[in-house]
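Inside the fold
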Amino acid sequence: MPLLEVKELSAYYITHVYGVERDVKAVDNITFSLEENEIMGLAGESGCGKSTLLKVLLSMIKPPLRVLAGEVNYSYDNKHFNLLTLDKKQLREVQWEDISYIPQGSMSTLNPVRKIRKTFEDVIKAHKTAEEKEEYEKLMEEHIKYLGLPLEVLDSYPHQLSGGMRQRTTIALATILKPKIIFADEPTTALDVIVQRGVIQMLKKLHKEQENTMLIVTHDMAVHANVADRIAVMYAGKLVEIAKKETLFTNPKHPYSQFLIRSLPKIGDKRQRISAPGNPPSLANPPSGCRFHPRCPYAKDICREHIPKFINYDKSHQVACFLYSDEIEEGEKIVSESIRS
Ligand code: SF4
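The structure displayed is predicted, hence computed values, not measured ones.

1. Concerning the packing of aromatic side chains
Applying the stated criterion across every chain, the model contains seven aromatic pairs. Between Y256 and F292, the aromatic rings sit 5.5 Å apart at their centres with planes inclined by 70 degrees, giving edge-to-face as the arrangement. You can see Y256 sitting in helix α9 (residues 255-262) and its partner F292 sitting in the loop between α9 and α10 (301-305), a full 36 residues away along the chain. The burial state of Y256 is the same as that of F292; both residues are buried. Grouped by ring-pair contacts, the aromatic residues Y235, Y256, F259 and F292 constitute a single cluster. K205 extends its terminal NZ or CZ atom over the ring of Y146, reaching a point 4.6 Å from the ring centre. Over the face of the ring belonging to F259 we find R262, whose NZ or CZ atom lies 5.7 Å from the ring centre.

2. Some thoughts on the packing of helix α3 (residues 116-127) against helix α5 (residues 163-175)
Close contact between α3 and α5 brings their axes to 10 Å; oriented N to C, the two are set at 20 degrees. Viewed along their axes, α3 and α5 adopt a mutual orientation that is roughly parallel. Considering the relative orientation of α3 and α5, their crossing is right-handed. Counted together, I116, T119, F120 and V123 of α3 and T169, A172 and L173 of α5 form the full contact between these two elements. The class makeup of the residues in the contact of α3 with α5 is five nonpolar, two polar and no charged.

3. Topic: the sheet that holds strand β1 (residues 4-17)
Spatially, β2-β1-β4-β5 is the arrangement adopted by the four strands of the open sheet, whose pairing is antiparallel. Only two strands of the sheet have a single neighbouring strand rather than two, namely β2 (20-34) and β5 (79-82). The sheet shows a mean angle of 15 degrees between the axes of neighbouring strands, direction not considered. Two elements, β1 and β2, share 10 bridges in a ladder whose sense is antiparallel. The residue bridging A11 from the neighbouring strand is V27, located in β2. Packing of helix α1 (residues 50-57) onto the sheet brings it into contact with β1, β2 and β4 (65-76), and relative to β1 it is tilted by some 110 degrees.

4. Looking at empty space enclosed by the protein
Taken as a whole and judged by the stated rule, the model has two cavities of 30 Å³ or more. Counted as a void, the largest cavity has a volume near 70 Å³. Together, H254, P255, C290, F292, C296, Y298, A299, C303, P308, C321, F322 and L323 line the largest cavity. Grouping the amino acids of the lining of the largest cavity by side-chain chemistry returns 11 nonpolar, one polar and no charged. Its volume calculated, the second largest cavity comes out at about 50 Å³. Among the residues forming the lining of the second largest cavity, the class breakdown is six nonpolar, two polar and one charged.

5. Examining unusual backbone geometry
Each neighbour pair has its own omega, and for P63 with P64 the value is 10 degrees, a cis peptide bond. With respect to the helices and strands, P64 occurs in the loop between α1 and β4. Notably, E8 is not glycine yet its phi reads approximately 40 degrees, a positive angle. Mapping E8 onto the fold places it in strand β1.

6. Remarks on α3
Taking 1.5 Å per residue as the helical rise, α3 with its 12 residues ought to reach 16 Å, and the 17 Å between its terminal C-alpha atoms agrees with that figure. Taken together, the buried positions of α3 are I116, T119, F120, E121, V123, I124 and H127. Residues of α3 that are buried in the fold lie against α2 (88-94), α4 (130-146) and α5.

7. Concerning the site of the ligand
The full set close to the ligand counts 13 residues, and C290, C296, C303, C321 and F322 are the nearest of them. For the shell around the ligand, the residue count by class is 11 nonpolar, two polar and no charged.

8. Concerning the sheet that holds strand β3 (residues 39-43)
One open sheet accounts for eight strands, arranged β6-β7-β8-β3-β9-β10-β12-β11; its pairing is mixed. Across the chains shown, the open sheet's two edge strands, defined by having one partner strand only, are β6 (99-102) and β11 (311-314). Strand-to-strand twist across the sheet, computed as the mean angle between neighbouring axes with direction ignored, equals 20 degrees. Of the strand pairs in this sheet, β6 and strand β7 (residues 181-185) are connected by four bridges, and their pairing is parallel. Opposite I99, over in β7, you have I181 as the bridge partner. Where α1 meets the sheet, it contacts β3, β6, β7, β8 (213-217) and β9 (230-235), and its direction lies at approximately 150 degrees from that of β7. Packing against the sheet, α9 makes contact with β3, β9 and β10 (238-244), and its axis sits at approximately 110 degrees to β9.

Cut-offs used in this document
- Think of each chain on its own: its residues are numbered from 1, step by step along the sequence as written.
- Reporting of local features is limited, given that this is a predicted model, to residues whose pLDDT is at least 70; pairs of side-chain atoms are given and counted only at 80 or more, and all residues count toward the totals for whole chains, interfaces and linings.
- Excluded from the side-chain calculations are hydrogens and water; all other atoms, namely the structure's heavy atoms, are used.
- Note on ring pairs: Phe, Tyr and Trp rings are taken, using the six-membered ring of Trp, and paired if centres are within 6.5 Å. Classes follow the plane angle, with under 30 degrees stacked, over 60 edge-to-face and the rest tilted.
- Runs of H or I in DSSP of at least four residues are treated as helices and runs of E of at least two as strands, each being numbered from the N terminus.
- Residue exposure (1.4 Å probe, protein chains only): buried if accessible area is under 20% of the type maximum, exposed if over 50%, otherwise partly exposed.
- To sit over a ring, a charge needs its Lys NZ or Arg CZ within 6 Å of the ring centre and within 35 degrees of the ring normal.
- Angles here are taken between N-to-C directions and fall from 0 to 180 degrees, while the axes themselves are lines fitted to C-alpha atoms, restricted in helices to the stretch in contact.
- The cut-offs work like this: below 35 degrees is roughly parallel, past 145 is roughly antiparallel, 65 to 115 is roughly perpendicular, and the gaps in between are oblique.
- A crossing counts as left-handed when the near helix is turned anticlockwise from the far one by less than a right angle, and as right-handed when that turn is clockwise.
- Throughout, a residue-residue contact means that at least one pair of heavy atoms, one from each residue, lies within 4.5 Å.
- Lys, Arg, Asp and Glu make up the charged group, whereas Ala, Val, Leu, Ile, Met, Phe, Trp, Tyr, Cys and Pro make up the nonpolar group; the residues left over, Gly among them, are polar.
- Any two strands are treated as partners once DSSP identifies two or more bridges connecting them.
- Here a cavity denotes grid points, spaced 1 Å and computed from the protein atoms alone, that fit a 1.4 Å probe unable to get out, and a pocket denotes an open set having protein on both sides within 12 Å along at least 5 of 7 lines; residues with an atom within 4 Å of a point are the lining.
- Grid points are joined across faces, edges and corners, and a volume is the space filled by probe spheres set on the points.
- In a helix, the anticipated span is given by 1.5 Å times the number of residues less one.
- Working definition: residue near molecule or strand if any one of its non-hydrogen atoms lies within 4 Å of it.

Any functional reading would require information beyond the geometric quantities listed.
As structure tokens, then:
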């Protein structure tokens, strides 16, 4: 059984402005699974719904975001549950301790008026008993040292640390309780390349030590090349391809993934890079049928009218494109009807 199984998940931002409903279809009928000890990279342009998907997988859902359909099933240590059905107390028991999160921008996690040590203690106190607390406080220093951070970090305020150090401290905080699964949202964004390298090495080290599962969201394909086992590609709120890292880089099937890979710079190759023509669509009013059809050089009539089903191209490769199958996504109409009701 996979550690995480996402089934037909749809989550929209639903707003009402002057009596007019506006649905931003950020996550639309997404199905995939994550095996224990696997690192999956989630790729796609900014604004394609990657971060919203993470929020739903963590059940960090606040209006106007609403889950309209689907399941987020976790299975580990004899626990089996759909995260979306847990009450607040049950959620508190699994969030951070079993299911952890490295957010975009370290300042949103670290309290600017508390020393780092206090923030670590707050997390430990919230999840551990008094006896365990002592053990974890010792572990805190070991964990900081293991991750190559100086112990002085613990007695600093966030503003006294550099951006890279703050980000690495956030990663240490997110992993102090040895979670089963970690979601990282753009963990290397806004860092220079040297610091990026340090953060990537830190994530790999943690994965090796704690044997946890990771889902890393970034538009930076170099990060995926470095850490991921498999890569999922998202376009305009939908998953369009999942493949092993090597396969996706050498033999991408979906036309959008092909543009994504072809646009990457290659050492010694001076040819002009080709990226997808046009711009990503608005998720409030996405194109009919395949959402990539206005930018796709292979678009045909069926692409404009129907949504391609996410099919198994082979055992470890899935794609949603009418170039490989005529199967149409089931339930596209059911989801939109349920929003109206
Ligand atoms: Fe292009 Fe059609 Fe495939 Fe969409 S389904 S990517 S429009 S060929």
